[in-house]
Amino acid sequence: MNNRALWALYLVLAAYAVIALAPFFWMILTSFKEQRDLFRIPPDFTPTVLFSDTPLKNYAEVWTKRDFVIYFRNSVIVSFLAAIGQVMTCSLAGYAFAKMELPGKNLLFAVVLATAFVPAEVTIIPEFLLMRWLGWIDTWLPLIVPSFLVGAFGTFMLREYFGALPDEYGEAAVIDGANPFQVFRRIYLPLAQPALIAIFVIAFINNWDELLRPLIFLNSPELFTVPLGLLSFFSQYEAAWHQLMAGSVISVLPLILVYVLTQRYVLQGFMGGGVK
Amino acid sequence: MKLPRYTRAHLWPLAFLAPTIVGLLVFRLLPIFWSFGLSFADWQIFDAPSFAGLDNYVGLFTSPTTLKVFRVSALFTLLYVPGAVGLALALAVILNSGLKGMAFFRGAFFLPYITSVVAVTLVWRWIFATRFGLLNNALDWIGIEANPAWLADPGFALPAVVIVSVWRDAGFYMLLLLAGLQTINDEYYEAAKVDGANAWQRFRKITVPLLSRSLFFVLIVALIKSTQTFEITYALTEGGPNGATTTLAFAIYHRAFIDFEMGQAAALSYVLCVVLGLLTLLNFHFRRRWVHE
């Protein structure tokens, strides 16, 4: 490739990188500004607060006075439990589909996959009625319990993963008197660690980000997750962008952190599974 | 036909699959059928439901509001799918040409997809704001004083939602296409170069056919995703102005949980289901014709 073409390609990449990253740049910059500097023309690029005596002033404000400490804690609890649920149920199901004999299991697997393509909007109305009947409205149970029961993407991914591991590993343990659960728990599960991490992280990110279900199931502000907290803050203090952006950084940070730490596994998971 | 015989040996796999079976019945199959039943009911959540026959469905196709929802949804899909997939393809092909710094660009492009959608959409809401919006400020600054009301003008609001959606998802599609590109053997390109094919010919004759599998998969994923857009609409325009950005998924939410018209919402959700079913059938049909296996 000649030099000029190379420069052109880099220019395109750099231009799109600016577009992809600019909102994050602005988010972080604004979270370190004073309110009076928000709407200057031409725009002001100095993070004034960062150079003051109280560099994290806006963060401290939203964290304590605007209840983000509560939203954050709620989101951590809900996303963590839902992700654990997905890892448990998907690893059991994926293993059974890959390594155990059961008449009709392929049909069952096909139904699990097929129903995954039915969008949340179709099932959300009966789901709401069901949760209301169970008395679970305005609790976290509707956000957590379903994750302990079924997960198509994780089941699909782990079925592939366990299927690729040799049967002989388990046969040796059976001769030594291990029961099927012990074979699964002691031999195959540790080998699936990369896939389990990918499933945990993807489920954590999805649940952290979920808007529709928290919106429908939660009414009390003290139960709100971060996305609901952001929206309710926005509707109350529309012009307080410096604080809203601090709240946004708080909501984005755990995801970036988790993603960077586990990028290796997650990229494989996203690329291999295809569906979010 | 012989029914399968279940023995004690099958208790283990059944135990392993018990959560999945319960979850499938309670949270997947039951709601799917329940929703279907509801779509024939006249029911505002606070009174008793009554049987309405096909009224809900007839209503959908005669009321101007829902006809507008269908129009807006179709327009959204028409703008979003080519935009997001085209951009993703361009980025993936460039990234795959062996440039330095690929990991950085890949990470930067994927970042919008893994970060909190509500948080980044609120930034875009500021970018598009009429007064003190970053875009209008920038236009002012360079001397254009048009100040369009991006999110309050029906002509601009839907493109704004499309832009944010494309911005968010393109990196994900790029990643899927990149996985496909990496399976193409470099020798094809070398051979084509020897034969004197230029860059466009190599793209057209090697990349496109050999990538057709991934490309088709990405197109289908993008099509399906385009019918389900909710979070960005909710945080950017709340479906407005005057329904200009109310797509199918958002309309279902609004009809069910703001208007409490459960029957109508269920009927609308079944329309979405049928649309997705048709897309899946089209997928199978065209896959055989277009995809180079």
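It should be emphasised that the depicted structure is a prediction, and the values quoted were computed from it without experimental measurement.

A count of helical and extended segments in chain A gives 13 helices and zero strands. Ordered by position from the N terminus, the helices and strands of chain A form the series α-α-α-α-α-α-α-α-α-α-α-α-α. Here chain A has a C-alpha radius of gyration of 23 Å; the compact-globule value for 276 residues is 19 Å, and the former is much larger. For the C-alpha atoms alone, the extent of chain A along its principal axes is close to 75 × 65 × 35 Å. Across the 276 residues in chain A, those meeting the buried criterion constitute 42%. A separation threshold of at least 6 residues defines the contact pool for chain A, and within that pool the share at least 24 residues apart is 77%.

Across its full length, chain B holds 12 helices and two strands. Counting from the amino terminus, chain B carries its helices and strands in the arrangement α-β-β-α-α-α-α-α-α-α-α-α-α-α. Over its C-alpha trace chain B gives a radius of gyration of 24 Å, far above what one expects of a compact globule, namely 19 Å for 293 residues. Its C-alpha atoms put chain B at 70 × 70 × 35 Å along the principal axes.

Residue and element names in this part refer to chain A. Following both chains from N to C, one finds helix 3 (residues 68-99) and helix 10 (residues 193-209) inclined at 140°, their axes separated by 8 Å at the closest point. By the angle class used here, helix 3 and helix 10 are oblique. Pair helix 3 / helix 10 crosses with right-handed handedness. Residues S75, V78, S79, F80, A82, A83, Q86, V87, C90 and S91 of helix 3 form the contact with helix 10, whose own contacting residues are L196, I199, F200, A203, F204, N207 and W208. Split into classes, the residues belonging to the contact of helix 3 with helix 10 amount to 12 nonpolar, five polar and no charged.

Further remarks concern the interface of chain A and chain B. Each partner contributes to the interface: chain A provides 68 residues, whereas chain B provides 69 residues. The element contributing the most residues to the side of chain A that touches chain B is helix 1 (residues 3-30) of chain A, with 12 residues. Of the residues assigned to the side of chain A that touches chain B, the class counts are 56 nonpolar, eight polar and four charged.

Before going further, it helps to examine the packing of helix 1 of chain A against helix 4 (residues 102-114) of chain B. Orientation of helix 1 of chain A relative to helix 4 of chain B, taken along the N-to-C sense of each, is 40°, at an axis distance of 9 Å. Between helix 1 of chain A and helix 4 of chain B, the angle is such that the two are oblique. In this structure, the crossing between helix 1 of chain A and helix 4 of chain B has a hand that is left-handed. Residues A:L13, A:Y16, A:A17, A:A20, A:L21 and A:F24 of helix 1 of chain A lie in contact with helix 4 of chain B, whose contacting residues are B:F105, B:A108, B:F109, B:L111 and B:P112.

Attention shifts here to the nonpolar core. Counting 157 residues, the largest nonpolar core has A:I199, B:A84, B:A88, B:A170, B:Y173, B:M174 and B:L177 as the members making the most contacts within it. Considering every element that reaches this core, the biggest residue donor is helix 7 (residues 154-181) of chain B, with 18 residues. The residue makeup of this core includes at least three contributed by each of domain 1 (3-61) and domain 2 (62-273) of chain A. The contacts of B:L177, once residues within four sequence positions are left out, are B:A88, B:L89, B:A92, B:L211, B:S214, B:L215 and B:V218.

Right, let's talk about the confidence of the model for chain A for a bit. Confidence in the prediction of chain A, expressed as mean pLDDT, is 86, and 96% of residues score 70 or more. No element of chain A has a lower mean pLDDT than helix 13 (residues 241-273) of chain A, which averages 80, and none a higher one than helix 3 of chain A, which averages 94.

Glancing now at helix 1 (residues 11-38) of chain B. B:L17 marks where helix 1 of chain B bends most, by close to 55°; the proline B:P19 follows one to four residues later. Every buried residue of helix 1 of chain B is accounted for by B:P13, B:F16, B:L17, B:T20, B:G23, B:L24, B:F27, B:R28, B:P31, B:S35 and B:L38.

Moving on, we come to the domain arrangement of chain A. Residues and elements named next belong to chain A. According to the domain assignment, chain A contains domain 1 (3-61) and domain 2 (62-273). Listed as interface residues are 12 residues of domain 1 and, on the opposing side, 13 residues of domain 2. Going through the elements one at a time, helix 1 and helix 2 (57-65) are the ones with two or more residues in the side of domain 1 that touches domain 2. Counting residues per element, the side of domain 1 that touches domain 2 draws most heavily on helix 2, which supplies four residues. Considered class by class, the residues forming the side of domain 1 that touches domain 2 number five nonpolar, four polar and three charged.

Here we take up unusual backbone geometry. Residue and element names in this part refer to chain B. In the Ramachandran plot, N242 falls in the positive-phi region, its phi being about 50° despite a non-glycine side chain. Of note, N242 is situated in the loop between helix 10 (231-236) and helix 11 (248-257). With a phi close to 60°, F260 is a non-glycine residue in the positive phi region. Overall, the presence of 14 C-beta atoms within 10 Å leaves F260 in the partly exposed class.

Per-residue confidence for chain B gives a mean pLDDT of 86, with 97% of residues at or over 70. The ipTM value of the predicted complex is 0.85, and its pTM value is 0.87.

Let's shift gears to helix 10 of chain A. Between its first and last C-alpha, helix 10 of chain A extends 24 Å over 17 residues, near the 24 Å set by a 1.5 Å rise per residue. Of all 17 residues that make up helix 10 of chain A, 13 are buried, and the element is covered over most of its length.

This next bit is on the environment of A:R4. Residues and elements named next belong to chain A. If you trace the backbone, R4 turns up in helix 1. Judged by the 8 C-beta atoms lying within 10 Å of it, R4 is exposed. Along the backbone, R4 and L257 are 253 residues apart, and their C-alpha atoms lie at a distance of 37 Å.

Quick look at the environment of B:Y270 now. Residue and element names in this part refer to chain B. Mapped onto the fold, Y270 is located in helix 12 (residues 262-290). Along the primary structure Y270 and A15 are separated by 255 residues, whereas in three dimensions their C-alpha atoms are 34 Å apart. When near neighbours in sequence (up to four residues on either side) are disregarded, Y270 contacts S35, F36 and S39.

What counts, and where the lines are drawn
Residues numbered from 1 in each chain as written. Chains lettered and ligands numbered in written order. Predicted model: local features only at pLDDT ≥ 70, side-chain atom pairs only at ≥ 80, totals over all residues. Helix = DSSP H or I, 4+ residues; strand = E, 2+ residues; numbered from the N terminus. Rg over C-alpha atoms; globule rule 2.2 N^0.38 Å. Buried ≥ 20, exposed ≤ 12 C-beta atoms within 10 Å, placed from the backbone. Contact = placed C-beta atoms within 7 Å. Axes fitted to C-alpha atoms, helices over the stretch in contact; angles between N-to-C directions. Parallel < 35°, antiparallel > 145°, perpendicular 65-115°, else oblique. Left-handed = near helix turned anticlockwise from the far one by under 90°. Nonpolar A, V, L, I, M, F, W, Y, C, P; charged D, E, K, R; others polar. Core = buried A, V, L, I, M, F, W, Y, C linked by C-beta atoms within 7 Å. Domains from an automatic or database assignment. pLDDT = per-residue confidence, 0-100. Bend = angle between axes of the 7 residues up to and from the residue. Expected span 1.5 Å × (residues − 1).

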